[in-house]
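Architecture and fold: a report
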Protein chains: 6
Amino acid sequence: MATQKTIDAKLISVIDALSDFGSLQNAYHHTNDGLPFPSGTSLLEIVELTREILFPGYFGNSFVDSNTLKYHIGVNVERLNACLSEQVLAGLCFDGYADEAELEQKKEKARQISSDFISQLPAMRSVLMTDVVAAYNGDPAAKSFGEIILCYPTIKAVSNHRIAHALLKLGVPLIPRMISELAHSETGIDIHPGATIGEYFAIDHGTGVVIGETAIIGNHVKLYQGVTLGAKSFPLDADGNPIKDLPRHPIVEDNVVVYCNATVLGRITIGEGATIGGNVWVTNDVPKGEKVFQSKVQQSSK
Amino acid sequence: MATQKTIDAKLISVIDALSDFGSLQNAYHHTNDGLPFPSGTSLLEIVELTREILFPGYFGNSFVDSNTLKYHIGVNVERLNACLSEQVLAGLCFDGYADEAELEQKKEKARQISSDFISQLPAMRSVLMTDVVAAYNGDPAAKSFGEIILCYPTIKAVSNHRIAHALLKLGVPLIPRMISELAHSETGIDIHPGATIGEYFAIDHGTGVVIGETAIIGNHVKLYQGVTLGAKSFPLDADGNPIKDLPRHPIVEDNVVVYCNATVLGRITIGEGATIGGNVWVTNDVPKGEKVFQSKVQQSSK
Amino acid sequence: MATQKTIDAKLISVIDALSDFGSLQNAYHHTNDGLPFPSGTSLLEIVELTREILFPGYFGNSFVDSNTLKYHIGVNVERLNACLSEQVLAGLCFDGYADEAELEQKKEKARQISSDFISQLPAMRSVLMTDVVAAYNGDPAAKSFGEIILCYPTIKAVSNHRIAHALLKLGVPLIPRMISELAHSETGIDIHPGATIGEYFAIDHGTGVVIGETAIIGNHVKLYQGVTLGAKSFPLDADGNPIKDLPRHPIVEDNVVVYCNATVLGRITIGEGATIGGNVWVTNDVPKGEKVFQSKVQQSSK
Amino acid sequence: MATQKTIDAKLISVIDALSDFGSLQNAYHHTNDGLPFPSGTSLLEIVELTREILFPGYFGNSFVDSNTLKYHIGVNVERLNACLSEQVLAGLCFDGYADEAELEQKKEKARQISSDFISQLPAMRSVLMTDVVAAYNGDPAAKSFGEIILCYPTIKAVSNHRIAHALLKLGVPLIPRMISELAHSETGIDIHPGATIGEYFAIDHGTGVVIGETAIIGNHVKLYQGVTLGAKSFPLDADGNPIKDLPRHPIVEDNVVVYCNATVLGRITIGEGATIGGNVWVTNDVPKGEKVFQSKVQQSSK
Amino acid sequence: MATQKTIDAKLISVIDALSDFGSLQNAYHHTNDGLPFPSGTSLLEIVELTREILFPGYFGNSFVDSNTLKYHIGVNVERLNACLSEQVLAGLCFDGYADEAELEQKKEKARQISSDFISQLPAMRSVLMTDVVAAYNGDPAAKSFGEIILCYPTIKAVSNHRIAHALLKLGVPLIPRMISELAHSETGIDIHPGATIGEYFAIDHGTGVVIGETAIIGNHVKLYQGVTLGAKSFPLDADGNPIKDLPRHPIVEDNVVVYCNATVLGRITIGEGATIGGNVWVTNDVPKGEKVFQSKVQQSSK
Amino acid sequence: MATQKTIDAKLISVIDALSDFGSLQNAYHHTNDGLPFPSGTSLLEIVELTREILFPGYFGNSFVDSNTLKYHIGVNVERLNACLSEQVLAGLCFDGYADEAELEQKKEKARQISSDFISQLPAMRSVLMTDVVAAYNGDPAAKSFGEIILCYPTIKAVSNHRIAHALLKLGVPLIPRMISELAHSETGIDIHPGATIGEYFAIDHGTGVVIGETAIIGNHVKLYQGVTLGAKSFPLDADGNPIKDLPRHPIVEDNVVVYCNATVLGRITIGEGATIGGNVWVTNDVPKGEKVFQSKVQQSSK
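What counts, and where the lines are drawn
Residues numbered from 1 in each chain as written. Chains lettered and ligands numbered in written order. Predicted model: local features only at pLDDT ≥ 70, side-chain atom pairs only at ≥ 80, totals over all residues. Heavy atoms only, no water. Salt bridge = Lys/Arg side-chain N within 4 Å of Asp/Glu carboxyl O. Helix = DSSP H or I, 4+ residues; strand = E, 2+ residues; numbered from the N terminus. Buried < 20%, exposed > 50% of the residue type's maximum accessible area, 1.4 Å probe, protein only. Phe/Tyr/Trp six-rings, centres within 6.5 Å; stacked < 30°, edge-to-face > 60°. Lys NZ or Arg CZ within 6 Å of the ring centre and 35° of its normal. Least-squares fit on C-alpha atoms with pLDDT ≥ 70 in both. Contact = heavy atoms within 4.5 Å. Buried area = accessible area lost by both parts, 1.4 Å probe. Nonpolar A, V, L, I, M, F, W, Y, C, P; charged D, E, K, R; others polar. Polar contact = N/O pair within 3.5 Å; in protein donor to acceptor, adjacent residues only side chain to side chain. Patch = residues over 30% accessible without salt bridge, like charges linked within 9 Å, V, L, I, M, F, W, Y side chains within 5 Å. Areas by Shrake-Rupley, 256 points an atom, 1.4 Å probe, with all protein chains shown as cover. Lys, Arg positive; Asp, Glu negative; His and termini not counted. Charge placed at Lys NZ, Arg CZ, Asp CG, Glu CD. Expected span 1.5 Å × (residues − 1). Pairing = 2+ DSSP bridges.

Observations concerning the pattern of salt bridges
The final tally for this structure, using the stated rule, is 61 salt bridges over all chains. Note that C:Lys143 is salt-bridged to A:Glu213, the shortest N-O span being 3.7 Å. Note that C:Lys143 is positioned in the loop between α6 (121-137) and α7 (145-151) and A:Glu213 in the loop between β4 (210-211) and β5 (216-217), a pairing that runs across two chains. Judged by relative accessible area, A:Glu213 falls into the buried class, the value being 12%. A salt bridge links E:Glu186 to E:Arg51; the nearest nitrogen and oxygen atoms lie 3.2 Å apart. In this pair, E:Glu186 is assigned in helix α9 (residues 175-187) and E:Arg51 in helix α3 (residues 40-54), connecting sequence segments 135 residues apart. Judged by its relative accessible area of 27%, E:Glu186 falls in the partly exposed class. The network of salt bridges with common partners includes A:Lys143, B:Glu213 and B:Arg248.

Below you can see the structure in the form of structure tokens.
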């Protein structure tokens, strides 16, 4: 009786090749023993817990009783604090650490950041409610605030952004970007955590929207699907690498509307109340109140 | 031995602030005791069950035996009816209800709607098969109908749309919109449940497509990725709120093709057999058979 | 005591109608007894296992110890081989088979293909690392290679593409396309498995990108969100069906950049080092080093 | 190409036979539409929630912070109330109901019983703590109260008994018995919910212990494994059926010890402080303080 | 920065020692490539499916509608057939096989056995209903047949036995024994699959009951907890190994009652209508109608 | 519209009562922040991993290929080490700790114990194989070693015992007892981790077996179901508490057989080769080779 192997000598040698540290190089992350590593699953839970805390009943446990609401928020805050402290530490240690003393400092810093983040949640809820109002006012198809919170991708994307932005401001590396990408995958809206966004912000439909790292957006701004607020180009340093952290994305002032698939590039300013039409390519400042449209299309009857 | 707390006094006061009903306002939905609430998880199951019933073997249990097929469909229909009745009731009660008698009426109405919806499934399967044929005929890369059903996002998006549209016609609030958003997140195709769509409808690739609430689409229409059939603007009422339910999206007649990233806005008519080129911005009627393209691009050699 | 039925006679007759084989036709796939059927869940596992093997620690089990890394890779390769053999067989049998002898041949072929695919993984890791480098060099916001691997959708989309392309080259039907669609749904980037793509390839943001079946892309090419490398039109055969397998998508040479929402159609060549601006529509060859931009937009102050 | 069926005509006829209502008779329970049915899974959750509420940290979420303990108990009580109301209703409706009005009464009764049960939990915790003390004092191998709560099957069996007994006293049919059987399966200890048991009760090891429906057990009683407190025989009524609800199990007074595998049968009284030796069969009253042992064994050397 | 390993050189050498084939010997089962292996999880599903089919509503999906009952039974039979064919094959191949031809024979045999087993289910349901009646009639505490089916361990143990015995009679190795052990772990009742058991069989409480391989039990027999129907001793062959398959357990005729913890050993006959008292040790035939009790116990007052 | 609450004021006050720290006392375990707590779920995984490592293929992943066996063992050892280190630490900290320095010592000790335990696994496998041989030789119904490993509860109980005993010897509190109770619940066999057990040990059927903390069992010993090796009584200290750790359970020498339901109590010696009959109660030494049986039973014909 001969036993047939599913993994023969050829595949064993492939396993050897794949385990070779020379071949692994940057494909393999050298972590320190026992330290948490950034985890997409844990970040997903962090986002869900935060949404549950901010909008009780709309997310998570769908039944909420006013008599017991506080117990649910208490349990969720405790869990959020535990998960977030761990993931913040994962972010702080992603590039390695020197010694035990430094590690203890990072653990203490992670706990502090998590606590500071949670303390911002009441204010974050208030701002997000202005985004709900903006989405409601901007869409004749919307029937209630509840529908906006439950269905509209703008709320999911902007929630994640406000979470990610707050963590970035508190000094957390990497983790904010991962949180943004969760919303990007879920909604097709890609907002860099570094972007600064005012109140009453709404994105309609949203698929394909890109908002760059140094963009600054005022209050009452509305974007449609496919809008890019991007960089035109970026200067290289002496080694030919892009110089990091330069302001290179647009400033969009209050009450601006940008229609679908418009591309706005570079550190330009779209003045207060301006309107950018669909499918246009804008690389220069647009004055206050101005409207920018695509040039005429050609029509031909066969 | 001192016990270190993870939730200190500061976080306890944050929990108090987050549980304050003043702060909660619209962020908190006041439901009635024991009533079902719209549930994304349940709607996902409803969509999966419907896909399984319509295309047995392609979705859900991947092995199907012609001798036992009916048992599977029977069990799935029973489960669908239970889930759908509950979610329809959740939709009907989303804005609250007055008294026990009204609630009983809504329960009865939910049961009736679920039953009527399921009765439409045989016809829905026939229409969706025309969409499969259209996708197959329109793509040289497609190898079989089976490949279309298994892989093409257009089938997922249009299935959800036909489900959502049928529920909307039967008078269900909110739920149809949530079903549309499930497909939007899965495929990047955003079709409002109110849109009317004919047979043999296909969307190629699809990411970024938006079809508005009052759009009317004929038979044998094909859209490419990034196409918007949107509203140009919407009139406000005396209070400055958008007037709901006005026809404000395009009518697209039979045999029209709209190429990628084209933006078609307002209650205009794209006449039978017309072609809209990629990346154009169309806000006026396009006569029957006409072709509309972007104006010439600039080329420069460095 | 009367028992109320949830499924009444009307729904029983709907179940009958839905189970009618006449009505089922192409909606129902006739598989052979006991054969595996393409499974989205299994393909998802295949993609995850491959990502884990290629980038240990970044995907899957987030803790990796250099002493035990090989055990993890060994176990994952074994599991990958089992899943992949089955799904390849599912692909090979999707259109049916004639007899037992042919089936045995297909089983042997599936095993061989799976083994050949796994043998390509060390080389695939090397190529994907060039894509990581390209994404890092092209984005001033990127902080480390690790961030690119963990967060950037381009890595997910291009990983799936390189997996799908390899399987297609090994002669596997259907399965590669399903793997591409998994990435399409996750990232909004739609790359046909047939496309040929060189080293150091990066897509920034990515939502809405479409790359067609016969596209050929050189080294060091960069695309932005919303770019289409598509077909202009396709010739029909005598029966009015599209002729399959004709080259109909662009050739993009080394060092080309295509900015967001540009549409490049047909079997044209974008010459080495050329730049395609955003939102343009290109249907003719672009010479080496040339830059193509959208014509001026109209601006009007109210 | 012939498709081989896994379910052939023979099995289809077996399915018909198994679905025949004549054959089903008592094997099939006729429930009323939409009513909850007793669910082992839900009862398991009810037991786990109650254990978590009574012994926080030892069961369920293993980390407990004194600052947030109340939130956890609040959430668990809410969940327990929901599950228990439903299962009590299932018990109340198990034998059917006459009309809508009666059903409403049963729903109200189920809510009331659940609320009454929960109100007894503080007292139940106190009594169970006496059982913990008894187990600790009775076992030289025990190291701490915590070990008793975490490991000793007596605590699991007696917790379930006190829960089941309380529900029985509140008038719930069937459900208490199912809760007892959960402990029976988990620990091998079979206590009928009807049995009355005092404080400081301990069962050592426990496998095989049986305590009958009408047994009455005083305070500070200890049983060892395999002890039966059973019925000797039971009178039949005119139809030859056992007469229900007659006292037929032992009364065991305070401070009695019953050693392993002893069998005590009938409505006899084991007087205060008596000792029953292992493996004996007792069917008559045992006076206060008396000791009962097995007669001498035979020894033989071959 | 030093990386601390969790698996050091010492543990690596332990892994080597544990993987050494010399050390593995009989601890490691050499299966043939791709063959199913006996799986506890799969057998658990087989038992649950069979219980669901036999007692619809009481096990599995707790809601059953007479209009859709057949669909559920059909789906469950299909699933049972698939699982059972595989596990029967696992049993048939447990001791290895010679060549492809023999394997094909075993596959065909497994399919046949599974089909034959399922064909016996209608009759098995009838017999099990007699066991339900016996348990009901024998327990004054029982309130309904439904309670017996839902709660009484005798039904679980005897169901598994009747399943295991049927498979054994159909020539399946190993699998029947594993099914018996599932019930043993769940109920504490250990019935060897080889035992022959008549109708109207009941075990009260049941923990500790043991029924040996060659026991033969008539109709209307009742056992209490802790009863052993075992072997007295077993002859050894020339090599000192026990001789297999000799009749060595009791024959228990109709209408016998055996009280708790009685031990009945050897190929003796307990005559019709006899009663065996608790805690006795019986190794000789007991005539028809006779009653056997333990000798008097000693009582002493301190 | 009035909202009906599920949790009314009465239940809110019950929650308050249940959260009162006075009421909680010993029902609540005060752990230190961030320390692991003994977890039944984690211990279950530890037992399963150890069984998988010891008997590859029989437990866990049921398919094993000799080419990849080592990878599976390596991954399992790594996981076992991580889980076990944590649970050992939980055991070491169960009674609290004084300060950071002491905690660091306990962490280091937990790592050391886990490593030492794993180093004993090769020897533990050898001993367990002798138990397999003993069970096989002692049961005419057994068909193969594989059947013993897969089905026989003795192997599960004795495996857990050998694991628990090894951990106890390494100085781990509490955890060993929890591991023993897992087997007790699964098999009905209750072996205290402190018991010393030789090679070739077998328990037939096993339900109800109890082996006490200070029992010492030689080689080639066989027990049947229901056997107790217990303590007769235990001396109390001045405060009336049992004195811990005194030898109080039997010494059972080599080649002893104890038949079912026998009770052997106290620090007595059962001499080499002795036989203890079923259902007897033994409290004195039994000389080498002697046989002890129950006295005659009474028979009466009605």
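So much for the structure itself; the text now carries on.
Observations regarding the packing of aromatic side chains
Applying the stated rule across the entire model yields 36 aromatic pairs over all chains. The interplanar angle of 85° and the centroid separation of 5.2 Å between the aromatic rings of F:Tyr136 and F:Phe145 together place this pair among those described as edge-to-face. For F:Tyr136, a relative accessible area of 23% corresponds to the partly exposed category. Note on F:Phe145: relative accessible area 25%, which makes it partly exposed. Put simply, the rings of A:Phe37, A:Phe94 and C:Tyr58 pair up and form one aromatic cluster. Over the aromatic face of C:Phe59 sits the side chain of C:Arg51, whose NZ or CZ is 5.8 Å from the ring centroid.

So, the relation of the copies chain D and chain F
It takes a turn of 120° to lay chain D on chain F, together with a shift of 0.0 Å along the axis; the resulting RMSD is 0.0 Å. What the rotation and shift describe, once combined, is the action of a three-fold rotation axis.

Brief notes about the interface of chain C and chain A
In this complex, chain C contributes 66 residues to the contact, which on the side of chain A involves 60 residues. Overall, the association of chain C and chain A removes approximately 5200 Å² of surface from exposure, summing both partners, and the carbon and sulfur fraction of that is 57%. At the junction of chain C with chain A, the criterion picks out three salt bridges. Residue composition of the side of chain C that touches chain A, grouped by class: 28 nonpolar, 26 polar and twelve charged.

Some details on the interface of chain D and chain F
In this assembly, 66 residues from chain D lie in contact with 59 residues from chain F. Between chain D and chain F, roughly 5200 Å² of surface is buried when both sides are summed, and carbon and sulfur atoms account for 57% of that area. The tally of links from chain D across to chain F stands at three salt bridges. Between F:Asp16 and D:Lys70 there is a salt bridge whose closest N-O contact spans 2.7 Å. Where chain D meets chain F, there are twelve residue pairs in polar contact (both at pLDDT 80 or more). Elements supplying a minimum of two residues to the side of chain D that touches chain F: α3 (40-54), α4 (69-92), α5 (100-119), α6 (121-137), α7 (145-151), α9 (175-187), β6 (222-224) and β15 (298-301) of chain D. When residues in the side of chain D that touches chain F are grouped by element, the largest group, seven residues, is from α4(D).

Re the relation of the copies chain C and chain A
For the pair chain C and chain A, the relating rotation is 120°, the translation along its axis is 0.0 Å, and the fit reaches an RMSD of 0.0 Å. Mapped onto chain A, only 9% of the interface residues of chain C are again interface residues, and the two copies thus contact each other with different surfaces.

A look at a negative patch on the surface
The grouping of A:Asp99, A:Glu100, A:Glu104, F:Asp99, F:Glu100 and F:Glu104 at the surface amounts to a negative patch. Listed by contribution, the elements that provide at least two residues to the negative patch are α5 (100-119) of chain A together with α5 (100-119) of chain F. Given a relative accessible area of 55%, A:Glu100 falls into the exposed group.

Details of the environment of F:Leu229
Residues and elements named next belong to chain F. Residue position: leucine 229 is located in strand β7 (residues 228-230). Placed 20 residues apart in sequence, leucine 229 and histidine 249 show a C-alpha to C-alpha distance of 6.4 Å. Ignoring anything within four residues of it in the chain, the contact list for leucine 229 reads Val210, Ile211, Gly212, Ile217, Leu223, His249, Pro250, Val252 and Val264.

Here's the deal with α9(D)
Look at α9(D): 19 Å from first C-alpha to last across 13 residues, which is about the 18 Å you get at 1.5 Å a residue. Counted residue by residue, α9(D) has ten buried out of 13 residues, so it is predominantly covered. Along α9(D), the positions that sit buried rather than exposed are D:Ile175, D:Pro176, D:Arg177, D:Met178, D:Ile179, D:Ser180, D:Glu181, D:Ala183, D:His184 and D:Thr187. Each element contacted by the buried residues of α9(D) is listed here: α3, α4, α8 (153-169) and β1 (190-191) of chain D together with α7 (145-151) and α8 (153-169) of chain E. Just past α9(D), the residue D:Gly188 takes up positive phi, approximately 75°.

Quick look at the environment of D:Tyr200
Residues and elements named next belong to chain D. In this structure, tyrosine 200 sits in the loop between β2 (196-197) and β3 (202-204). A residue is classified by how much of its surface remains accessible, and tyrosine 200, at 27% relative accessible area, is partly exposed. In this structure the C-alpha to C-alpha distance between tyrosine 200 and aspartate 131, which are 69 residues apart in sequence, comes to 4.3 Å. Setting aside anything within four residues of it in sequence, one finds tyrosine 200 in contact with Thr130, Asp131, Val133, Ala134, His220 and Val221.

Digging into the sheet that holds strand β11 (residues 269-270) of chain F
Residues and elements named next belong to chain F. Strands sit in the order β2-β5-β8-β11 across an open sheet of four strands; the sheet is parallel. Both outer strands of the open sheet, β2 (196-197) and β11, are each paired with one neighbouring strand and no more. In terms of strand pairing, strand β5 (residues 216-217) meets strand β8 (residues 251-252) through two bridges, oriented parallel. Of the residues in β8, the one forming a bridge with isoleucine 217 is valine 252.

Describing the pairing of strand β14 (residues 290-293) of chain C
The pairing of strand β12 (residues 275-276) of chain C with β14(C) spans two bridges and is classified as parallel. Its bridge partner lying in β14(C), C:Ile276 is registered against C:Val292.

What to know about unusual backbone geometry
Look at C:Asn279: it is not a glycine, yet its phi comes out positive at around 60°. Its location among the elements puts C:Asn279 in the loop between β12 and β13 (281-282). Residue C:Asn279 is classed as buried on the basis of its relative accessible area of 1%. A positive phi is found at F:His205, a non-glycine position, where the angle reads about 65°. Take F:His205: it is sitting in the loop between β3 (202-204) and β4 (210-211).

Quick look at the sheet that holds strand β5 (residues 216-217) of chain E
All names here are of chain E. Judged by pairing direction, the sheet is parallel, and its four strands sit side by side in the order β2-β5-β8-β11 without closing on themselves. Single-partner strands in this sheet number two, and they are β2 (196-197) and β11 (269-270). Summarising the sheet, strand β8 (residues 251-252) and β11 pair through two bridges and their orientation is parallel. From the neighbouring strand, valine 252 faces β11, where its bridge partner is isoleucine 270.

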